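Close look at the chain arrangement
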Amino acid sequence: FRDNMAKNQGWKVSWGDVRAGGILELSALPEQTSASTILDGSRLWKNYSMSSTVFWEEGAIFLLGNALDSRNYRSCVFGEDQVSIQDTVDQEAEILKKIEREGIKPGTNIRLGMQITDSGISCFYNGTNVLSASIASRVGGVGIQTWNETPNTAHAIVYSTSVTPN
């Protein structure tokens, strides 16, 4: 799957303001701290690598994998100078692994990646594997989320996304 965001290829709004067409833009609505989208039709995918080129302003940006729906997914969460891997079940997130790492910064044309295999999940920042965790595999699709603790400020733009089988 490759998406240059020229038109909406199935990005469904989970919450927030999500606009597709030319770019994929995610913004929190007033009184909200995040926005999220999942790619329709990807729910049965297994063992894949996802790569997205993004404009990440501040706060955190999540690459979602093994997404069963907007309440159940695994994610690589990128924040300034840190990365974590989370398992979210019924909207309750558990941090499986987290690292502090200088150089993880918001910006334009940042390449974020995630690899899902039978044995775990790995997170990539500008092509470098920065964190991995072992976790049992399952099927599930892909998505993108943005978050910031201050309401109505979470914002991210996705220029392109590709997902390839491992």
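Preceding this paragraph is the structure being described.
Residues numbered from 1 in each chain as written. Predicted model: local features only at pLDDT ≥ 70, side-chain atom pairs only at ≥ 80, totals over all residues. Heavy atoms only, no water.

**Observations regarding the sheet that holds strand S2 (residues 11-15)**
With antiparallel pairing, the seven strands of this open sheet are ordered in space as S2-S5-S14-S7-S8-S9-S10. Unpaired on one side and paired on the other, S2 and strand S10 (92-100) mark the two borders of the sheet. Across this sheet, the average inter-strand angle for adjacent strands is 20°, counted without regard to direction. (Pairing = 2+ DSSP bridges. Helix = DSSP H or I, 4+ residues; strand = E, 2+ residues; numbered from the N terminus. Axes fitted to C-alpha atoms, helices over the stretch in contact; angles between N-to-C directions.)

**Focus on the state of the cysteines**
A full pass over the atoms with the stated rule returns one disulfide. The residue that forms a disulfide with Cys76 is Cys123, at a sulfur-sulfur distance of 2.1 Å. A torsion of -90° about the S-S bond marks the disulfide between Cys76 and Cys123 as left-handed. Pair noted here: Cys76 is in strand S8 (residues 72-79) and Cys123 is in strand S12 (residues 120-125), with a separation of 47 residues, a long-range link. Each member of the pair Cys76 and Cys123 is classed as buried. (Disulfide = S-S within 2.5 Å. Buried < 20%, exposed > 50% of the residue type's maximum accessible area, 1.4 Å probe, protein only.)

**Comments concerning the packing of aromatic side chains**
Given two aromatic rings, their pairing is described by the distance between the two centres and the angle made by the two planes. Following the criterion strictly, the structure yields two aromatic pairs and no others. Taking 6.2 Å as the distance between ring centres and 75° as the angle between the ring planes, the aromatic pair formed by Trp45 and Tyr48 counts as edge-to-face. (Phe/Tyr/Trp six-rings, centres within 6.5 Å; stacked < 30°, edge-to-face > 60°.)

**Considering the pairing of strand S5 (residues 34-39)**
Counted residue by residue, S5 has six buried out of six residues, so it is predominantly covered. Every second residue of S5 is oriented toward a common face, with Ser34, Ser36 and Ile38 on one face and Ala35, Thr37 and Leu39 on the other, all of them buried. Looking at chain direction, S2 and S5 are connected through four bridges and run antiparallel. Bridge pairing in S5 links Val13 to Thr37. Note that S5 and strand S14 (residues 141-147) share five bridges and pair antiparallel. Within the sheet, the bridge partner assigned to Ser36 lies in S14 and is Gln145.

**Description of the environment of Met114**
If you trace the backbone, Met114 turns up in strand S11 (residues 107-116). Assessed through its relative accessible area of 1%, Met114 is described here as buried. C-alpha of Met114 to C-alpha of Val77: the two residues are 37 residues apart in sequence and 10.0 Å apart in space. Each residue touching Met114, except ones within four places of it in the same chain, is listed here: Tyr48, Ser49, Met50, Leu63, Leu64, Gly65, Cys76, Ile121, Ser122 and Phe124. (Contact = heavy atoms within 4.5 Å.)

**Re the pattern of salt bridges**
Tallied over the full model, the rule gives five salt bridges. A salt bridge links Arg19 to Asp17; the shortest N-O distance between them is 3.0 Å. Judged by its relative accessible area of 52%, Arg19 falls in the exposed class. Taking relative accessible area as the criterion, Asp17 reaches 22% and is therefore assigned partly exposed. Ionic pairing is found between Lys105 and Asp81, a salt bridge with its closest N-O pair at 2.9 Å. With Lys105 in the loop between S10 and S11 and Asp81 in the loop between S8 and strand S9 (82-89), the pair connects residues that are 24 residues apart, well separated along the chain. For Lys105, a relative accessible area of 32% corresponds to the partly exposed category. The network of salt bridges with common partners includes Glu80, Asp81 and Lys105. (Salt bridge = Lys/Arg side-chain N within 4 Å of Asp/Glu carboxyl O.)

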